[in-house]
Each structure stands twice: as C-alpha cells, then as structure tokens.
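# Secondary and tertiary structure notes
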Amino acid sequence: MSQTEHALSITVIGLGQMGGNMALTLQAAGFEVTGSDLFEAARERLAGLGLAVVAPDALPASDVYLLSLPTSAHVREVIETSPGLLALAPKGSVIVDTSTSDPAVSRELAEKVTAAGLHWLDAPVSGGPKGAANGTLGMLLGGDDATLERVMPMLEAMSAKRTHVGGPGSGHVVKLANNYLCAAHLLTTAEAVAMAAKAGVEPAACLAGINSGSGRSAISEVNFPEWVLSERFDSGFTTGLMRKDLRLARDAAEQLGIPLALLQAVVNAWHASPEQPADSDDFNHITTPILACARQTESHS
Ligand code: NAD
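Residues numbered from 1 in each chain as written. Predicted model: local features only at pLDDT ≥ 70, side-chain atom pairs only at ≥ 80, totals over all residues. Heavy atoms only, no water.

### Side note on the overall build of the protein
From N to C terminus, the protein includes 13 helices and nine strands. Relative to its length of 301 residues, the protein is compact, with a C-alpha radius of gyration of 20 Å against a globular reference of 19 Å. Judged by the C-alpha coordinates and their principal axes, the protein covers about 65 × 45 × 35 Å. Each of the 301 residues in the protein was classed as buried or not, and the buried ones make up 47%. Across the protein, contacts joining residues at least 24 apart in sequence account for 67% of those joining residues at least 6 apart. As displayed, the protein has an accessible area near 13,700 Å², and 57% of this comes from carbon and sulfur atoms. When the 19 basic and 32 acidic side-chain charges of the protein are each reduced to a single mean position, those positions are 3 Å apart. (Helix = DSSP H or I, 4+ residues; strand = E, 2+ residues; numbered from the N terminus. Rg over C-alpha atoms; globule rule 2.2 N^0.38 Å. Buried < 20%, exposed > 50% of the residue type's maximum accessible area, 1.4 Å probe, protein only. Contact = heavy atoms within 4.5 Å. Areas by Shrake-Rupley, 256 points an atom, 1.4 Å probe, with all protein chains shown as cover. Lys, Arg positive; Asp, Glu negative; His and termini not counted. Charge placed at Lys NZ, Arg CZ, Asp CG, Glu CD.)

### Observations concerning the environment of Leu 148
Mapping Leu 148 onto the fold places it in helix α7 (residues 145–158). Each C-alpha atom of the pair Leu 148 and Thr 100 lies 18 Å from the other, and the pair is 48 residues apart in sequence. With sequence-adjacent residues up to four places away left out, Leu 148 is seen in contact with Leu 121, Leu 141, Leu 155 and His 164.

### Thoughts on the nonpolar core
Among the nonpolar cores identified, the biggest contains 30 residues, and Ile 10, Leu 26, Phe 31, Leu 66 and Met 154 are the most heavily contacted of them. Elements with a minimum of two residues in this core: β1 (9–13), α1 (19–28), β4 (64–67), β5 (94–97), β8 (137–142) and α7. Among all residues touching Leu 66, those that are not within four sequence positions of it are Ile 10, Thr 11, Val 12, Ile 13, Met 22, Leu 26, Val 96, Thr 98, Met 154 and Met 158. Core analysis: the second largest hydrophobic core is formed by 29 residues, Ile 210, Phe 233, Ala 253 and Val 267 among them. (Core = buried A, V, L, I, M, F, W, Y, C linked by side-chain atoms within 4.5 Å.)

### Things to note about the pattern of salt bridges
Using the criterion set out here, one finds eleven salt bridges in the structure. Of the charged contacts in the structure, one is a salt bridge between Glu 226 and Arg 232, with a shortest N-O distance of 3.9 Å. Taking the relative accessible area as the measure of exposure, Glu 226 reaches 26% and is therefore partly exposed. Linked through salt bridges whose partners overlap, the residues forming this network are Arg 76, Glu 80, Glu 108 and Lys 112. (Salt bridge = Lys/Arg side-chain N within 4 Å of Asp/Glu carboxyl O.)

### Re the layout of surface pockets
Reported here for the second largest pocket is a volume of approximately 290 Å³. Lining the second largest pocket are 16 residues, with Val 173, Ala 249, Ala 252, Ala 253 and Leu 256 positioned closest to its centre. Mapped onto the lining of the second largest pocket, the elements with two or more residues apiece are α5 (103–115), α8 (170–198) and α11 (239–255). (1 Å grid on protein atoms, 1.4 Å probe; cavity = no way out; pocket = protein on both sides within 12 Å on 5 of 7 lines; lining within 4 Å. Points joined across faces, edges and corners; volume = space filled by probe spheres on them.)

### Some points on unusual backbone geometry
Backbone geometry follows two general trends: most residues other than glycine have a negative phi, and most peptide bonds adopt the trans configuration. Residue Ser 82 is joined to Pro 83 through a cis peptide bond whose omega torsion reads 5°. Position of Pro 83 relative to the elements: it lies in the loop between α3 (72–81) and α4 (85–88). Residue Gln 276 is joined to Pro 277 through a cis peptide bond whose omega torsion reads 0°. Within the secondary structure, Pro 277 is located in the loop between α12 (261–270) and α13 (288–300).

### Considerations on the packing of aromatic side chains
Counted by the stated rule, this structure contains one aromatic pair. Arranged with centres 4.9 Å apart and planes meeting at 80°, the rings of Phe 237 and Phe 283 form a pair that is edge-to-face. Placement of the pair is Phe 237 in the loop between α10 (218–228) and α11 and Phe 283 in the loop between α12 and α13, with a sequence separation of 46 residues. (Phe/Tyr/Trp six-rings, centres within 6.5 Å; stacked < 30°, edge-to-face > 60°.)

### Here's the deal with the site of the ligand
Close to the ligand lie 24 residues, the nearest being Met 18, Asp 37, Phe 39, Leu 69 and Gly 236. Between the ligand and the protein, one listed contact pairs a nitrogen atom with a side-chain N or O atom of Glu 77 at 3.0 Å. For the ligand, an oxygen atom lies 3.0 Å from a polar atom in the side chain of Lys 244. For the ligand, the accessible surface in isolation is 830 Å², of which the surrounding protein chains cover 88%. Those elements that place two or more of their residues in the shell around the ligand are α3, α6 (128–134) and α11. In terms of residues, the shell around the ligand owes the most to one element, α3, which gives three residues. In terms of residue class, the shell around the ligand is built from twelve nonpolar, nine polar and three charged. (Near = heavy atom within 4 Å. Polar contact = N/O pair within 3.5 Å; in protein donor to acceptor, adjacent residues only side chain to side chain. Nonpolar A, V, L, I, M, F, W, Y, C, P; charged D, E, K, R; others polar.)

### Description of the side chain of Ser 72
Here Ser 72 is to be found in helix α3. Residue Ser 72 is classed as buried on the basis of its relative accessible area, which comes to 11%. For Ser 72, the contacting residues outside a window of four places in its chain are Ser 101, Asp 102 and Val 105.

### Examining a nonpolar patch on the surface
A cluster of nonpolar side chains, namely Val 165, Val 173 and Val 174, defines an oily patch on the protein surface of about 180 Å² accessible area. Mapped onto the fold, Val 174 is located in helix α8. (Patch = residues over 30% accessible without salt bridge, like charges linked within 9 Å, V, L, I, M, F, W, Y side chains within 5 Å.)

Next comes the structure, spelled out in structure tokens:
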C-alpha cells in the first residue's frame, strides 16, 4: 500500500465487518481517517488496530463521511438526527453511503443533503470483508460527476472496480438487483448440484462442468468452492443482511408497480425457516438444507 499523504480527510461511521476494514485500508493508503461506531466494543477493536476513533457525539469536521451501516434506518438516523450530519458536517463535505440501502430513502436523503449544502454519493459494495481489507471492492456509484471526481482518490484506494450507474440512489437500485441474482443463484446452484449428486456425480465435478459452461456465476465460481463445499462458511456476510436486501428488492418492485413472481419466490425461500439458517449465520448456509440430500447420496455410495 502507498503511504502517500492524500488531501481528503475521512470519517468512517460504522466499524463493522465492512466499515472497519475500509477505514484501515484508507488509513494504510495515506488518508487521514477517523472511525466512529455506536458501540464501544467496535470502537475499541479498531483502536486496537491503530485507528483513531471517536464516539458518535464527537465527530470531527471532515471532507468525507463514509457510512457503512446495517440499514437505511441507521443511515437516516446518522444523517438526520443522531448525531445529525445535516447540521454537523461542514458545508461542501461529501456523504458517501456504502451500505446496501433502500433506494427510495437514499433519494430522499440525497435531496436533503444537497439542500443542506453537502454532497451525496451512494456507493454500495461487493467483495465482502476481504475485499474491504485489501482495497479490491466492487463499487456501484450513484451521484453526479463532480462529486464522483472529488472523492475518486478515496474510491480508487478502496476498490478494484467502479461502475457509475446514474444519479443519486442508482447505485442502491443496481445493488438490490445484483443481490437478488446472487440470492437466487445460491438456491439454483444448490439445487443443480444436489440433483447431480443424486444422479451419481460428485459436487466438485458438477461445479467444474457448470463453470466450463453457460450456467456459471460468481456463486458457482467463488461461493461454492470457497465457502460451501469447503464447509468454511466464513464469508463475513450474514443471512440476516441478505434477507434485508431481498425484502428491499421485493418492496422496490412492488412500489414500482411490477411485482415480480420469481423475486417473490426467492424472498419466500430465504424466509421459509428463520432458524435454518439463522439471521446471524453465514449467508452461504442457505444451501445447506438443499445439499443435505446430496450428502446422503454420497454417504450411501
Ligand atoms: P455489521 O453489522 O458488521 O456493521 C455495522 C456497524 O454499524 C456495526 O458495528 C454497528 O455497531 C454500527 N452501527 C449501527 N448503527 C449505528 C449508528 N447509528 N451509528 C454508528 N454506528 C452504527 O455490518 P457489515 O457486514 O459491515 O455491513 C454493513 C453494510 O454493508 C450493510 O448495509 C450490508 O448489507 C453491506 N454489505 C455487507 C457485506 C458483507 O460481506 N458483510 C458485503 C456487501 C455489502
């Protein structure tokens, strides 16, 4: 990582799996970074890793406020009320929401942020905690060109791939579309692998075949080998967060007047059993009940 000093000062709000790693990556790249989290344990963990941390009521004046929060409700709270960036942030500073948020809320907040003399960018990410830790995230960007240009050095330090998809909220729209497909591919790939196992083909051999053909996806190429077949289930993304993303995608489709039958079926499958997997389990565990029949086949062979 470069130790070059960068002009932008950045406050990262939300020091969880993603935000904590993003803050450390930006600091290692030479930015002046301060971290904040509602929970003292999260602040202490990052302070132990060398990050300057402050309580939410002691945020410094910064050029950028980078949010990595569970839901739009948390984003709204941080922007509007507690601590209330609308009133606290210096005029001209940029609020960058990297959370997977509700696009309708993002568009509403973007208007308020702009009216307060600040700038808005939605920048939801993929690549998990590992991508956040080594600066190789994929980012979907929603905002205007001038704001994008202003924070580009920061985005470049965090990501390997950046796709500007439109104005405020657009990044969050496309992120929901992406996560819908990711959630669906976990189900369909598990069913395909289970079917092949029942027919006497090893899961690894089945995946090798799929990955050489047109049915492949990031799920078959990355998730299955790294987290499912290895049984490591340590991707850092929880089932609860994916369920949230699916509900947001379903609600967005309904609000747009296009209820989507397959999307609803995927939402139902992910909510069929609140304990299998539990919200706190790795999201790749959604394949476990489907693959159970494949494992029975293996043990009988
Ligand atoms: P996380 O639960 O690990 O971290 C969220 C952090 O926000 C927690 O430390 C929490 O204490 C803090 N927080 C909550 N409310 C707060 C407030 N009002 N002020 C300050 N801090 C507050 O979640 P995560 O896995 O890091 O995910 C963050 C966002 O990124 C989510 O929207 C998620 O959907 C998205 N995302 C996660 C992944 C992943 O692999 N984990 C990948 C892509 C996108």
